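Each chain is listed here by its residues.
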Protein chains: 2
Amino acid sequence: MTNDMSIKKIVEGIEPLDGKWIIKARERTAQLVMPTRALGRLHDISERLCGIQKTLKPKIDRKAVLVMAGDHGVVEEGVSAYPQEVTGAMVQTFLAGGAGINAISRHIGSDVQVIDMGIIPDLDTDSINGAHRLLKRKMSHGTANLARGPAMTRQMAEKAIVTGFELATDLFRKGIEILGTGDMGIGNTTPSAAIGTVVTGKKPEQMVGRGTGIDDNKLIKKREVVIRGIQVNNPDPRDGLDVLSKVGGFEIGGIAGCVLAGAFHSRPVVIDGFISTAGALIAHTLCPLVTEYIFAGHRSEEAGHGSMLKYLGIEPILDLGMRLGEGTGGALAMSVIEGAVHMFNEVLTFEEAGVADKD
Amino acid sequence: MTNDMSIKKIVEGIEPLDGKWIIKARERTAQLVMPTRALGRLHDISERLCGIQKTLKPKIDRKAVLVMAGDHGVVEEGVSAYPQEVTGAMVQTFLAGGAGINAISRHIGSDVQVIDMGIIPDLDTDSINGAHRLLKRKMSHGTANLARGPAMTRQMAEKAIVTGFELATDLFRKGIEILGTGDMGIGNTTPSAAIGTVVTGKKPEQMVGRGTGIDDNKLIKKREVVIRGIQVNNPDPRDGLDVLSKVGGFEIGGIAGCVLAGAFHSRPVVIDGFISTAGALIAHTLCPLVTEYIFAGHRSEEAGHGSMLKYLGIEPILDLGMRLGEGTGGALAMSVIEGAVHMFNEVLTFEEAGVADKD
């Protein structure tokens, strides 16, 4: 079975959300001892979870965040505020448990799994005195420079997606009930902006932002690089594999695979910010049904993220000006999703509570 | 010591936030291994907590929500979608652990304390088979109808505030590190809208909303009632006690007392939605410094809440279309605040992580 076959089979295995469970869930919500839909979007969240999990007892106790790491050849164009070595150094920080995603995952009670999808260094993970293991799925030592040609081959793009799919599938098989996507990769707002531009049809000016915090000069250069990358490669917006291979990244492909896995296995996936949503755009190009299984953790401060979410038709849960990546916004939103689940499962009905309903 | 003296002493005991700790906290934030202030508002939250707690190790493990309940004479004007008996019935639901605030408090690990600040029924709490105890601080069996005269006397308004102050003080003395405010009282969006109109100077049309879900006819009537209540009573916007006594409610006074207690004892208080923010407006009229100690849990769906928060100059943490009250929005936001604390305390510095900082 080739990778190409696999993606085809994945997509064929994805079904629309079961509306029957959502209707049943809405009926339960209507009985809860509170004014009609007084919890607003918390009701929408818990009801969609019921649809995804095909239950009236939704449960997301077992959580995991997959942090996909990759390096980017386009960094040689000078598009990032940080040196490329930071990708590997941050991966080591994840493994040592000292980064933002580790802190927020401890708060929400989530596992963190870190994947080398294609970073430049070959990390000797045995030497790391941390709680987490690095899974090695290295596609290559960083992508090629998308401003001068394709970031990777079509075969590599397929493999990156299938790898993400398999990693997520493995977690779901082990009992993970909700999955967050995360990313690490110096320079990866550049391919993400390129993907956003190509897939949504928005102008590069709207999609290219300051990433980790570049100045005005670098911002101008970054826009030029994205425009050039699209001109040089001419990706087909209707073909997610073409877009990913020409202007994407390995970790973005991995995230696209996670999103497809959530839909395939009917499990909720919480996407994080700009890079994760670029991955979701690739997955959406392959199978538009994926959005029914996605929760958007937050709206990132990165310019263009709001447009990406709008294109996908999903509302972010949080809007706190975050722009860290790593999966932090999605993980933080899981605590809100879990709050919605508690409400749905634990609030008494009017009848159980013996309270008079509306006049 | 009269109540009047007490409020005076409370206000005299409130000091501005210690800017020194916030500066120190911002210095730590700048060292965390992430792009400059990449967690957006989470940084502002953790740094303000450092200022309030006078520490670089903020801690909010021990949480409580005070749910203040009261009845309202103005309900006889037909301003609510639910019958007045629901106030007492919901108090019993809180005590049985079956309401929204109970579910969300279990999720975030918070205590819930329910206070009879002046509901109509005299509940025999010994008969309730629940986890929570009802604290009886009944001012009266509901307020008078604010559309026809003052809701309560000035002395009662003072006592309601001091009672809330003492209840919160007691919790802080027992080690509670963060306090949420909550409310229950059929009809209480009407006094809250009146307080909002008087204190902020906005038009009643902007402040009066649908509460628990009234139809257009009741909404028109509710606006007329608020306008009439303000005309009949002519409260002095600069005198919070006058406003509370004329167009307020007992639970709103109790919440104002909680807000003052947070500022007095330098502890963070998370306010919930429309009714809690009306309480905060009363407290702010007595002492504008209180806003430095308040976190606004969320923006309620209730019309006018956004204007109240804008008047106070505080940004809500969540914006999820919630309008339940009970303290639910504030309690849910505590999990975000706790996430911010984990980030501040646990993320390594660039130096500790051995990661290169920005070029």
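A quick note: this is a predicted structure, and the numbers were derived from the prediction, not measured. (Residues numbered from 1 in each chain as written. Chains lettered and ligands numbered in written order. Predicted model: local features only at pLDDT ≥ 70, side-chain atom pairs only at ≥ 80, totals over all residues. Heavy atoms only, no water.)

Side note on the side chain of Asn233 of chain A
All names here are of chain A.
Okay, so step 1: Here Asn233 shows up in helix α9 (residues 216–233).
Okay, so step 2: The exposure class of Asn233 is buried, given its relative accessible area of 7%.
Okay, so step 3: Contacts of Asn233, omitting those with residues within four sequence positions, involve Leu146, Gly149, Pro150, Lys246 and Val247. (Helix = DSSP H or I, 4+ residues; strand = E, 2+ residues; numbered from the N terminus. Buried < 20%, exposed > 50% of the residue type's maximum accessible area, 1.4 Å probe, protein only. Contact = heavy atoms within 4.5 Å.)

What to know about the domain arrangement of chain A
Residues and elements named next belong to chain A.
Okay, so step 1: If you check the domain split of chain A, you get domain 1 (7–58 + 344–353) and domain 2 (63–336).
Okay, so step 2: Taking the mean C-alpha position of each, domain 1 and domain 2 sit 29 Å from one another.
Okay, so step 3: Across the domain 1/domain 2 interface, buried area totals approximately 1,800 Å², and carbon plus sulfur atoms make up 69% of it.
Okay, so step 4: The largest per-residue losses of area from domain 1 upon contact with domain 2 belong to Ile7, Ile10 and Ile14, which jointly make up 33% of the total buried on that side.
Okay, so step 5: Taken together, the connections running from domain 1 to domain 2 amount to 0 salt bridges.
Okay, so step 6: Across the domain 1-domain 2 interface, the total number found is 8 residue pairs in polar contact (both at pLDDT 80 or more).
Okay, so step 7: For the side of domain 1 that touches domain 2, the secondary structure elements donating two or more residues are α1 (3–12) and α3 (41–53).
Okay, so step 8: With 7 residues, the single largest contributor to the side of domain 1 that touches domain 2 is α3.
Okay, so step 9: Split into classes, the residues belonging to the side of domain 1 that touches domain 2 amount to 10 nonpolar, 2 polar and 5 charged. (Domains from an automatic or database assignment. Buried area = accessible area lost by both parts, 1.4 Å probe. Salt bridge = Lys/Arg side-chain N within 4 Å of Asp/Glu carboxyl O. Polar contact = N/O pair within 3.5 Å; in protein donor to acceptor, adjacent residues only side chain to side chain. Nonpolar A, V, L, I, M, F, W, Y, C, P; charged D, E, K, R; others polar.)

Comments concerning the relation of the copies chain A and chain B
Okay, so step 1: Superposing chain A onto chain B takes a rotation of 180° plus a shift of 0.0 Å along the axis, which leaves an RMSD of 0.0 Å. Classification of the inter-copy transformation places it as that of a two-fold axis.
Okay, so step 2: A high fraction, 100%, of the interface residues of chain A reappear at the interface in chain B, so the copies pair face to face through one surface. (Least-squares fit on C-alpha atoms with pLDDT ≥ 70 in both.)

Digging into the environment of Lys9 of chain B
Okay, so step 1: With respect to the secondary-structure elements, Lys9 of chain B resides in helix α1 (residues 3–12).
Okay, so step 2: Measuring from C-alpha to C-alpha, the distance between Lys9 of chain B and Val290 of chain B comes to 14 Å, with 281 residues separating the pair along the chain.

Looking at the state of the cysteines
Okay, so step 1: Throughout the structure, instances matching the rule amount to 0 disulfides over all chains.
Okay, so step 2: Left without a disulfide partner, Cys287 of chain B is nearest to the cysteine sulfur of Cys258 of chain B, which lies 15 Å away. (Disulfide = S-S within 2.5 Å.)

Let's talk about the pattern of salt bridges
Residue and element names in this part refer to chain A.
Okay, so step 1: For the structure shown, the criterion picks out 44 salt bridges over all chains.
Okay, so step 2: A salt bridge links Lys8 to Glu12; its shortest N-O distance comes to 3.3 Å. Taken together, the residues Lys8 and Glu12, both in helix α1 and 4 residues apart, mark about one turn of the helix. Of the two residues examined, Lys8 and Glu12, each falls in the exposed class.
Okay, so step 3: As a salt-bridge pair, Asp236 and Arg238 come within 3.2 Å of each other at their nearest N and O atoms.
Okay, so step 4: Residue class for Arg238 comes out exposed when judged on its relative accessible area of 72%.
Okay, so step 5: By sharing partners, the salt bridges in this structure join Arg26, Arg37, Asp44 and Glu47 into a single network.

Thoughts on the interface of chain A and chain B
How large an interface is tends to be reported as the accessible area lost when its parts come together.
Okay, so step 1: Taken together, the 54 residues of chain A in the interface contact 54 residues of chain B.
Okay, so step 2: Counting each side, the surface lost to burial between chain A and chain B is near 4,400 Å², with a carbon and sulfur contribution of 65%.
Okay, so step 3: When residues of chain A are sorted by the area they lose upon contact with chain B, Tyr82, His107 and Leu320 of chain A head the list and together hold 14% of the total.
Okay, so step 4: The interface formed by chain A and chain B contains 2 salt bridges.
Okay, so step 5: A salt bridge links Arg106 of chain B to Glu346 of chain A; the nearest nitrogen and oxygen atoms lie 2.8 Å apart.
Okay, so step 6: On the surface where chain A and chain B come into contact, there are 17 residue pairs in polar contact (both at pLDDT 80 or more).
Okay, so step 7: Elements supplying a minimum of two residues to the side of chain A that touches chain B: α3, α4 (85–95), α5 (100–108), β7 (316–318), α14 (328–346) and α15 (350–353) of chain A.
Okay, so step 8: For the side of chain A that touches chain B, the element with the highest residue contribution is α14 of chain A, accounting for 9 residues.
Okay, so step 9: For the side of chain A that touches chain B, the per-class residue count stands at 29 nonpolar, 15 polar and 10 charged.

Considerations on the sheet that holds strand β1 (residues 63–70) of chain B
Residue and element names in this part refer to chain B.
Okay, so step 1: Taken in spatial order, the 7 strands of this open sheet run β3-β2-β1-β4-β5-β6-β7, and their pairing is parallel. With partners counted over all chains shown, the strands left at the sheet margins are β3 (134–136) and β7 (316–318), one partner each. Looking at each pair of strands side by side, their axes are set apart by 30° on average, direction ignored.
Okay, so step 2: Two strands pair when backbone bridges link them, and β1 and strand β2 (residues 110–118) are joined in this way by 8 bridges, in the parallel orientation. Within β2, the residue paired with Leu66 across the bridge is Gln113.
Okay, so step 3: Sheet strands in contact with helix α4 (residues 85–96) are β1, β2, β3 and β4 (178–184), and its direction is about 145° off that of β4.
Okay, so step 4: Sitting on the sheet, helix α6 (residues 154–173) touches β1, β2, β3, β4 and β5 (269–271), and the angle it makes with β1 is about 160°. (Pairing = 2+ DSSP bridges. Axes fitted to C-alpha atoms, helices over the stretch in contact; angles between N-to-C directions.)

Section: the sheet that holds strand β1 (residues 63–70) of chain A
Residue and element names in this part refer to chain A.
Okay, so step 1: One open sheet accounts for 7 strands, arranged β3-β2-β1-β4-β5-β6-β7; its pairing is parallel. Among the strands making up the open sheet, the edge pair consists of β3 (134–136) and β7. Geometrically, the sheet is characterised by an average inter-axis angle of 30° between neighbouring strands, direction not taken into account.
Okay, so step 2: The sheet contact formed by strand β2 (residues 110–118) and β3 spans 3 bridges and is parallel. Bridging across to β3, Val114 finds its partner in Leu134.
Okay, so step 3: Sitting on the sheet, α3 touches β6 (294–298) and β7, and the angle it makes with β6 is about 145°.

As for the side chain of His298 of chain A
Residue and element names in this part refer to chain A.
Okay, so step 1: Mapped onto the elements of the fold, His298 is located in strand β6.
Okay, so step 2: Accessibility expressed as a relative area gives 2% for His298, which makes it buried.
Okay, so step 3: Of note is the side chain of His298, whose polar atom sits 3.1 Å from the side chain of Asp272.
Okay, so step 4: Ignoring sequence-local partners within four residues, the contact set of His298 consists of Asp272, Gly273, His305, Leu309, Pro316, Ile317, Leu318, Met322, Gly329 and Gly330.

A word on helix α9 (residues 216–233) of chain B
Since one α-helical turn is 3.6 residues long, residues separated by three or four positions face the same way.
Residue and element names in this part refer to chain B.
Okay, so step 1: A rise of 1.5 Å per residue sets the reference length of α9, with its 18 residues, at 26 Å; its end C-alpha atoms lie 26 Å apart and thus fit the reference within 8%.
Okay, so step 2: The set of residues buried in α9 consists of Leu219, Lys222, Val225, Val226, Gly229, Ile230 and Asn233. What you see down the axis of α9 is that its buried residues fit within an arc of 125°, all on one side. In α9, the exposed positions angled more than 90 degrees off the buried face are occupied by Asn217 and Gln231.
Okay, so step 3: Residues of α9 that are buried make contact with α7 (189–200), α8 (204–207) and α10 (240–247).
Okay, so step 4: If you check the start of α9, you find a side-chain oxygen 3.3 Å away from the backbone N of Asn217, and it comes from Asp215.
Okay, so step 5: Asn234 lies just past α9 and shows a positive phi near 45°. (Expected span 1.5 Å × (residues − 1). Arc of directions from axis to C-beta.)

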